[in-house]
Structure formats: structure tokens, C-alpha cells
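Understanding the architecture of this molecule
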Amino acid sequence: MRLQGKRAIVTGGGSGFGAGIVTRFAAEGAQVVIADINFENAREVAQDTGGHALHADVSDPASVTNLVAEANDLMGGIDILVNNAGITHLPALMEDVSEEDFDRVFAVNCKSVYLMARALVPQLKGQGSGAILNVASTAGVSPRPKLNWYNASKGWMNTATKTMAVELAPSGIRVNALNPVAGETPLLASFMGEDTPEMRAKFLATIPLGRFSTPQDLANAALFLCSDEADMITGTCLEVDGGRCI
Ligand SMILES: NC(=O)c1ccc[n+]([C@@H]2O[C@H](COP(=O)([O-])OP(=O)(O)OC[C@H]3O[C@@H](n4cnc5c(N)ncnc54)[C@H](O)[C@@H]3O)[C@@H](O)[C@H]2O)c1
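I will try to describe carefully the structure that is included in this document. (Residues numbered from 1 in each chain as written. Predicted model: local features only at pLDDT ≥ 70, side-chain atom pairs only at ≥ 80, totals over all residues. Heavy atoms only, no water.)

**What to know about the overall build of the chain**
Stated precisely, the cut-off is as follows: Secondary structure elements follow DSSP: runs of H or I of four or more residues count as helices, runs of E of two or more count as strands, with numbering from the N terminus. Radius of gyration: over C-alpha atoms. The globule rule applied is 2.2 Å multiplied by the number of residues raised to the 0.38 power. When a residue's accessible area, from a 1.4 Å probe over protein chains only, is under 20% of the maximum for its type it is buried; when over 50% it is exposed; and in between it is partly exposed. Note on contacts: a residue pair qualifies if any of its non-hydrogen atoms lie within 4.5 Å across the two residues. Under the convention used here, a 1.4 Å probe and the Shrake-Rupley method define accessible areas, while residue burial counts only the protein chains that appear.
Check the secondary structure of the chain and you find 8 helices and 7 strands. Over its C-alpha trace the chain gives a radius of gyration of 17 Å, about what one expects of a compact globule, namely 18 Å for 246 residues. When its C-alpha atoms are laid out on the principal axes, the chain stretches across 50 × 35 × 35 Å. Relative to its full complement of 246 residues, the chain shows a buried share of 51%. Excluding contacts between residues fewer than 6 apart, the proportion of contacts in the chain whose partners are at least 24 apart in sequence is 70%. When the accessible surface of the chain is totalled, it reaches about 10,900 Å², and 55% of it is carbon and sulfur.

What follows is the structure, encoded as C-alpha cells:
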């Protein structure tokens, strides 16, 4: 019960890595709000884990303000925020990605981190504690062609993590990031463009440990970084990548 008594929001908690993180946090004693634009998925995860499902669009200021208020009402406070919701554009040459797709990727992957900080950081400062975890990507550390603007959005997230960590450290708030390698989630097909055995083999060939990441891999790392065991760790962007970034 490494999160006994803790209250967490996990954005994008209705699917993939987020659902894995919710499941592990709940098993370790946390109360969890599953905030997702797909409410049906959030409700299913809530039913499975005993969490609270909320509909939220993390790219929308009013929705984020509402999410923080409702999470406080449901749990009586907030100790942990996992900024996990994220999207990608399909693989394409950089000049062929539409402006609409570019704006959407940056709104969901980057602006959301600002909006959540604006809504929650004053409260965390007031209590003098808190842990924020940003789910970025190996794409932000070691980018490859054709996922260009997605890669850049995740690089932004890693820099945001460090600047948040240094500014919030005096207030007792820790901020870290995870950099997952390609994982077995519904998003994987969008990264690959086409889900074929050949494309899977191409992606796997870049991962020294020879397998895709799983929601459990990410949940294990998230649990550590959000627990009091990581009390001296802030500003770290941890690869969960089977060696992909070596
Ligand atoms: N799967 C991978 O290969 C991989 C690799 C590296 C990083 N990541 C990152 O991990 C995170 C989770 O991805 P995943 O693979 O679990 O994807 P996923 O598609 O399975 O889950 C993402 C969840 O976010 C939700 N979401 C999307 N837009 C939202 C919005 N505006 N507001 C609220 N919720 C929203 C979706 O409904 C979905 O439930 C993302 O940030 C992604 O970029 C994924």
C-alpha cells in the first residue's frame, strides 16, 4: 500500500498507459479520479478499480478548472497529478502535417500541462506538497523522422518538467516525467501508420530488450516516482524504454 491515503488525478486514465497507472495506484491504496475525454472508457476503468470517472478535455480551460474542482469535491483534496492524456498526428513529412493536426497535438500534449498547472499548482503550494508526473516519450529524447511535431511536443514536455521542478521545489512539490518507448496501447497503430507484422518488427528492432512497453511497465515507474519513496527525486525524465535511447 505505497500510496495509502493519497489522492490522484490521472488524465487519459480510460485507456492504455493511463488505465495501467490507475489500476496500480488504486491497488496501492490511492483514491483516483480518472479524467478522460472518453467518458465510457473512464467509467469502465472506474468500475474495475473503485475510482471516480470524470469527463474532461485537458486542452479546454473550462473543463480543466471543472476537473480540479470536481476532483477536490470527490476526494477531499489532491496529492498527485499524472498528465498522461496525449495524442499524435499520423506519420507524415513535416510539411504535410495539417495545421489543424499540429494545433490539436500541441493543445492536448502541451497546453494541457499549463492548464493543469494553472488550476492545481496554487492549491499544492498552499499545502506545501504534491507530486506531478508528465507522460512524455522517447520520441522527445531521440526523435525519428515522420512523427516530427509529435516528437517536438514530447521534447517540450521534458523541458516543462524540468522548469516546473526547479520552480516548485521550494514549495515541496516534485515534478518528474516518464519517457515510454512504443507500447501495446490503442495509440500504437497511429504511431506506426499501419499495424502490420513488418511495421511491428521495424519498431521492435529499435528496442534492445526486444519487446514493446506495457501499461504495467509504466505503472511501476509511475508508482515509484509519485510515492514518498521518490522524495528526493524531482526534474527527472525517466526512460521506460528497454534501452531504446542508449
Ligand atoms: N503507446 C505508445 O507507444 C506511447 C509511447 C510513448 C508515449 N506515449 C504517451 O503515453 C500517453 C498515453 O498514451 P497511450 O498509448 O496510453 O494512448 P491511449 O490512446 O491508449 O490513451 C490515451 C487516453 O487519453 C485520452 N485523451 C485523448 N485526448 C484527451 C483530451 N483532450 N482530454 C482528456 N483525455 C484525452 C483518450 O481518450 C485515451 O483514453 C500519451 O501521452 C502518449 O503520447 C505512448
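**Details of the sheet that holds strand β3 (residues 52-55)**
Selection rule: For two strands to count as paired, DSSP must find a minimum of two bridges between them. Here the axes come from fitting lines to C-alpha atoms, over the contacting stretch only for helices, and the angles between their N-to-C directions go from 0 to 180 degrees.
One open sheet accounts for 7 strands, arranged β3-β2-β1-β4-β5-β6-β7; its pairing is parallel. Edge positions in the sheet fall to β3 and β7 (237-240), since each has one partner strand and no second. Averaged over all pairs of adjacent strands, the angle between strand axes in this sheet comes to 20°, irrespective of strand direction. Strand contacts of helix α1 (residues 16-27): β1 (7-11), β2 (31-36), β4 (80-83) and β6 (173-180), with the helix running at about 165° to β1, the strand carrying the most contacts.

**Points about the site of the ligand**
So the rule is basically this: We call a residue near a molecule or strand whenever a single non-hydrogen atom of that residue lies within 4 Å of it. Think of a polar contact as two N or O atoms within 3.5 Å of one another; within protein, one of them needs to be a possible hydrogen donor and the other a possible acceptor, and neighboring residues in sequence only count if both atoms come from side chains. Three categories are distinguished: nonpolar for Ala, Val, Leu, Ile, Met, Phe, Trp, Tyr, Cys and Pro, charged for Asp, Glu, Lys and Arg, and polar for the others, with Gly belonging to the last.
Close to the ligand lie 29 residues; Ser15, Asp36, Tyr150, Gly183 and Thr185 are nearest. With respect to the ligand, the backbone of Val58 contributes an N or O atom lying 3.0 Å from a nitrogen atom. For the ligand, the protein covers 94% of the area, taking 830 Å² as the surface of the free molecule. Those elements giving two or more residues to the shell around the ligand turn out to be α1, α4 (99-127) and α5 (148-168). Broken down by class, the residue content of the shell around the ligand amounts to 16 nonpolar, 9 polar and 4 charged.

**A closer look at unusual backbone geometry**
Residues other than glycine predominantly adopt negative phi, and peptide bonds predominantly adopt the trans conformation. In this structure, Lys146 is a non-glycine residue whose phi angle is positive, near 80°. Along the chain, Lys146 turns up in the loop between β5 (130-135) and α5.

**A look at the pattern of salt bridges**
Should their charged atoms come close, side chains of opposite charge can pair. Stated precisely, the cut-off is as follows: Throughout this description, the term salt bridge denotes a Lys or Arg side-chain nitrogen within 4 Å of a carboxyl oxygen of Asp or Glu.
Inspection of the entire model under this criterion finds 8 salt bridges. The closest approach of N and O atoms between Asp195 and Arg200, which form a salt bridge, is 2.7 Å. Judged by relative accessible area, Asp195 falls into the partly exposed class, the value being 44%. One network of salt bridges, with partners in common, ties together Glu184, Asp195 and Arg200.

**Section: the state of the cysteines**
Our working definition: Note on terminology: pairs of cysteine sulfur atoms within 2.5 Å are recorded as disulfides.
Taken as a whole and judged by the stated rule, the model has 0 disulfides. Cysteine Cys110 is unpaired, with the sulfur of Cys237 as its nearest cysteine sulfur at 13 Å. Its relative accessible area of 3% is what places Cys110 among the buried residues. In this structure Cys245 is a free cysteine whose sulfur lies 11 Å from that of Cys237, the closest cysteine sulfur available.

**Things to note about the environment of Ile132**
Following the sequence through the fold, Ile132 ends up in strand β5. Since its relative accessible area comes to 3%, Ile132 is described here as buried. With sequence-adjacent residues up to four places away left out, Ile132 is seen in contact with Leu81, Asn83, Val121, Leu124, Met164, Leu168, Ile173, Arg174, Val175 and Asn176.

**Here we look at the packing of aromatic side chains**
The line we're drawing: The rule is short: rings of Phe, Tyr and Trp, with Trp giving its six-membered ring, pair when the centres are within 6.5 Å, and they are stacked under 30 degrees, edge-to-face over 60, tilted in between.
Tallied over the full model, the rule gives 3 aromatic pairs. Ring centres 4.5 Å apart and planes at 20° place the aromatic pair Phe102 and Phe106 in the stacked group. Here Phe106 and Phe102 lie together in helix α4, a separation of 4 residues that amounts to about one turn. A centroid spacing of 4.9 Å and a plane angle of 55° characterise the contact between Tyr150 and Phe191, whose relative ring orientation is tilted. Placement of the pair is Tyr150 in helix α5 and Phe191 in helix α6 (residues 188-192), with a sequence separation of 41 residues. Assigned by exposure class, Tyr150 and Phe191 land together as buried.

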